[in-house]
Amino acid sequence: MSLPSHVRLIDVGPRDGLQNEKQPVPAAVKIELVHRLQAAGLKEIEVTSYVSPKWVPQMADNHEVMQGLRRAPGVRYSVLTPNLKGFEAALRDRPDEIVVFGAASEAFSQKNINCSIAESIERFASVVAAAKAAGIAVRGAMSCTVGCPYEGAIAPERVAYLAGLMKGIGVERVDVADTIGVGTPRQVQAAIEATLAHYDIDHISGHFHDTYGQALANTLAALQMGVWNFQASVAGLGGCPYAKGATGNVATEDVVYMLHGMGIETGIDLDALVDAGAYISEQLGRPSGSRVARALLAKRAG
Ligand SMILES: CC(C)(COP(=O)([O-])OP(=O)([O-])OC[C@H]1O[C@@H](n2cnc3c(N)ncnc32)[C@H](O)[C@@H]1OP(=O)([O-])[O-])[C@@H](O)C(=O)NCCC(=O)NCCSC(=O)C[C@@](C)(O)CC(=O)[O-]
């Protein structure tokens, strides 16, 4: 198959990237980060989550962050909602898309959202119905599609099973997530192949953490299958609170650099994106996790 000529990137830095941050990050900094991402040309930004503040304290300011946004036309702002309580709170802030998040691994589902896969689907079904009634788009994140921190390797059949459940409750598009970044290209392709039993390629996105340094290779492997929606995190921010040792998503800057170098359009201004990554890295007091950003910043410094 020929490669897509255009890729849509969803920056998950403000949510996936910051959710595990131990130091408090002020809402104003999160808002500024979103503004800088949209100024760099991102058309989809995962802003926050409406989860229990006892479970994920960093996202407790969801309302303040959403209310503080200066929304740019044509940008889709998404938020995570694990249950109706979360959805109802999110509704006040009018996200463009809500994300229900399930797992291909039973153990991860229990640790992350405190219920089985079957129970999670029951909860999501009412969230999806409520979102559709309110005219809000619905995405489904599928965690641990390659490996699980508690169960080890995950078979593609389990990914197909979860994708079928997501489809059955009306989830419009799904993310194939390698939550702990253990996957290698053929494994990621097998997870995508399994998802294709229920979703067409235009409704599948890749979400690859870079724990083992495989995320760019996995992105290329997914591109070769025709996937053209990817999640990435500016400055490579992140990690999941329920996946110990997992690092952030692939850095958005690294993906943009690779895609532009391959002649694939993203609509993103790499220099402005590097600035956004430099901003949040400075706020967090550590260097960017993006190799491309570090190289370009060093070059700029002469
Ligand atoms: C899902 C729950 C809430 C279930 O948690 P639970 O304890 O089973 O829920 P519950 O219904 O029994 O309620 C317990 C308490 O939580 C409150 N509560 C209940 N729901 C909400 C809500 N929506 N917002 C705020 N508060 C809520 C509820 O009101 C009650 O409060 P209390 O009476 O004790 O004061 C919990 O397990 C939770 O919040 N988990 C956090 C999950 C999370 O955010 N994980 C990280 C994101 S997922 C991820 O990173 C993977 C992904 C998407 O990035 C893709 C990838 O890389 O794989």
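In this convention, every chain numbers its residues from 1, walking through the sequence in written order. Only residues with pLDDT of at least 70 get local features here, since the model is predicted, and only at 80 or more are side-chain atom pairs given and counted; chain-wide, interface and lining totals rely on the full set of residues. Derived side-chain values reflect all non-hydrogen atoms in the structure, with water molecules and hydrogen atoms excluded from consideration.

Overview of the pairing of strand β8 (residues 173-178)
Then, in step 1: Relative accessible area decides the class of each residue, using a 1.4 Å probe on protein chains only: under 20% of the type maximum gives buried, over 50% gives exposed, and in between gives partly exposed. Secondary structure elements are taken from DSSP: a helix is a run of H or I of four residues or more, a strand is a run of E of two residues or more, and numbering for both begins at the N terminus. In terms of burial, β8 is largely enclosed, as six of its six residues are buried.
Then, in step 2: Side chains R173, D175 and A177 project from β8 onto one buried face, and the interleaved V174, V176 and D178 project onto a second face that is buried too.
Then, in step 3: Sheet analysis places strand β5 (residues 137-143) next to β8, joined by four bridges and oriented parallel. When the sheet's bridge partners are listed, R139 is paired in β8 with R173.
Then, in step 4: Of the pairings in the sheet, the one linking β8 to strand β9 (residues 204-208) comprises five bridges and is parallel in character. Bridging across to β9, D178 finds its partner in F208.
Then, in step 5: With the strands aimed away from the viewer, a crossover counts as right-handed if its path from the first strand over the helix to the second runs clockwise. A crossover connection joins β8 to the parallel β9 through helix α8 (residues 185-195); in handedness this β-α-β unit is right-handed. Strand pairing is assigned whenever DSSP identifies at least 2 bridges connecting the two strands.

Let's talk about the packing of helix α6 (residues 117-133) against helix α7 (residues 156-168)
Then, in step 1: Angular values range over 0 to 180 degrees, each being the angle between N-to-C directions of two axes fitted as lines to C-alpha atoms, with helices fitted over their stretch in contact. Two elements in contact, α6 and α7, have axes separated by 10 Å at closest approach and are oriented at 20 degrees. As far as their axial angle goes, α7 and α6 are roughly parallel. Taken as a pair, α6 and α7 cross one another with a handedness that is right-handed. Judged by residue contacts, I117, I121 and F124 of α6 engage L162, L165 and M166 from α7. Every angle not falling under 35 degrees, over 145, or within 65 to 115 is termed oblique; those three ranges are roughly parallel, roughly antiparallel and roughly perpendicular. Crossing handedness is read from the near helix: turned anticlockwise from the far helix by less than a right angle, it gives a left-handed crossing, and turned clockwise, a right-handed one. For this analysis, residues touch if any pair of their heavy atoms sits within 4.5 Å.

Considerations on the sheet that holds strand β3 (residues 76-80)
Then, in step 1: One closed barrel accounts for eight strands, arranged β1-β2-β3-β4-β5-β8-β9-β10; its pairing is parallel. The sheet shows a mean angle of 25 degrees between the axes of neighbouring strands, taken without regard to direction.
Then, in step 2: Note that β9 and strand β10 (residues 229-232) share three bridges and pair parallel. By the bridge assignment, G206 is partnered in β10 with F230.

Some remarks on the environment of L37
Then, in step 1: Counting through the fold element by element, L37 comes out in helix α2 (residues 27-39).
Then, in step 2: Among the residues examined, L37 registers a relative accessible area of 0% and is labelled buried.
Then, in step 3: Each C-alpha atom of the pair L37 and A276 lies 6.3 Å from the other, and the pair is 239 residues apart in sequence.
Then, in step 4: Not counting residues within four places of it along the chain, the set of residues in contact with L37 comprises D11, P14, L42, I45, V234, L273 and A276.

Some points on the nonpolar core
Then, in step 1: In this description, a nonpolar core means a group of buried Ala, Val, Leu, Ile, Met, Phe, Trp, Tyr and Cys residues linked to one another through side-chain atoms lying within 4.5 Å. Of all hydrophobic cores here, the largest spans 96 residues; its most connected members are I98, M166, V171, L273 and I280.
Then, in step 2: Top element by residues in this core is helix α11 (residues 270-284). It accounts for seven residues.
Then, in step 3: If we skip the residues at most four places from it in the chain, I280 touches L18, V29, L33, V234, A235 and L237.

Looking at the packing of aromatic side chains
Then, in step 1: Only centres within 6.5 Å qualify two rings of Phe, Tyr or Trp (six-membered ring in Trp) as a pair; their planes then separate them into stacked at under 30 degrees, edge-to-face at over 60, and tilted for everything else. Scanning all chains against the criterion turns up two aromatic pairs.
Then, in step 2: The interplanar angle of 55 degrees and the centroid separation of 6.4 Å between the aromatic rings of F208 and F230 together place this pair among those described as tilted. Placement of F208 in strand β9 and of F230 in strand β10 is noted, with a sequence separation of 22 residues between them. This pair shows no difference in class: F208 is buried, exactly as F230 is.
Then, in step 3: Consider the ring centre and the ring normal. A charge sits over the ring if Lys NZ or Arg CZ is within 6 Å of that centre and within 35 degrees of that normal. Its guanidinium or amino end placed over the ring of Y199, K167 lies 4.7 Å from that ring's centre, counting from NZ or CZ.

Remarks on the state of the cysteines
Then, in step 1: Two cysteine sulfurs form what is called a disulfide whenever their separation falls within 2.5 Å. Across all of its chains, the model carries zero disulfides by this definition.
Then, in step 2: Distance from the sulfur of C115, which forms no disulfide, to the nearest cysteine sulfur (C144) is 14 Å.
Then, in step 3: Here C148 is not cross-linked by a disulfide; its sulfur's nearest cysteine counterpart is in C144, at 4.5 Å.
Then, in step 4: A relative accessible area of 4% places C148 in the buried class.

Description of the site of the ligand
Then, in step 1: The nearness test applies per residue and asks whether one of its heavy atoms lies within 4 Å of the molecule or strand. Neighbouring residues of the ligand: 25 residues in total, closest R15, N112, N114, S143 and T179.
Then, in step 2: Each polar contact in these results corresponds to two N or O atoms within 3.5 Å; when the atoms are within protein, one needs to be able to donate a hydrogen and the other to accept it, and residues that are neighboring in sequence are counted only if both atoms are side-chain atoms. The contact in question runs from a nitrogen atom of the ligand to an N or O atom on the side chain of N112, over 2.8 Å.
Then, in step 3: Relative to its unbound accessible surface of 1,100 Å², the ligand loses 75% to contact with the protein.
Then, in step 4: Only α1 (13-17), α4 (84-91), α5 (106-113) and β5 provide two or more residues apiece to the shell around the ligand.
Then, in step 5: Residues are grouped as follows: Ala, Val, Leu, Ile, Met, Phe, Trp, Tyr, Cys and Pro are nonpolar; Asp, Glu, Lys and Arg are charged; all remaining types, including Gly, are polar. Here the residues of the shell around the ligand sort into 11 nonpolar, 10 polar and four charged. In this description, accessible areas are obtained by the Shrake-Rupley approach with a 1.4 Å probe, and a residue is regarded as covered only by the protein chains that are shown.

Some details on the pattern of salt bridges
Then, in step 1: Salt bridges are defined by distance alone: a side-chain nitrogen of Lys or Arg within 4 Å of a carboxyl oxygen of Asp or Glu. Using the criterion set out here, one finds 17 salt bridges in the structure.
Then, in step 2: Put simply, R15 and D16 hold a salt bridge, and the shortest N to O gap is 3.7 Å. Of the two residues examined, R15 and D16, each falls in the buried class.
Then, in step 3: With a closest N to O distance of 2.7 Å, R286 and E21 form a salt bridge. One end of the pair, R286, is in the loop between α11 and α12 (291-301); the other, E21, is in the loop between α1 and α2, with 265 residues separating them in the sequence.
Then, in step 4: E21 gets classed as buried once you look at its relative accessible area, which sits at 13%.
Then, in step 5: It is possible to trace a salt-bridge network through shared partners that takes in R8, R15, D16, E44, E46, R76, E97, R139, R173 and D175.

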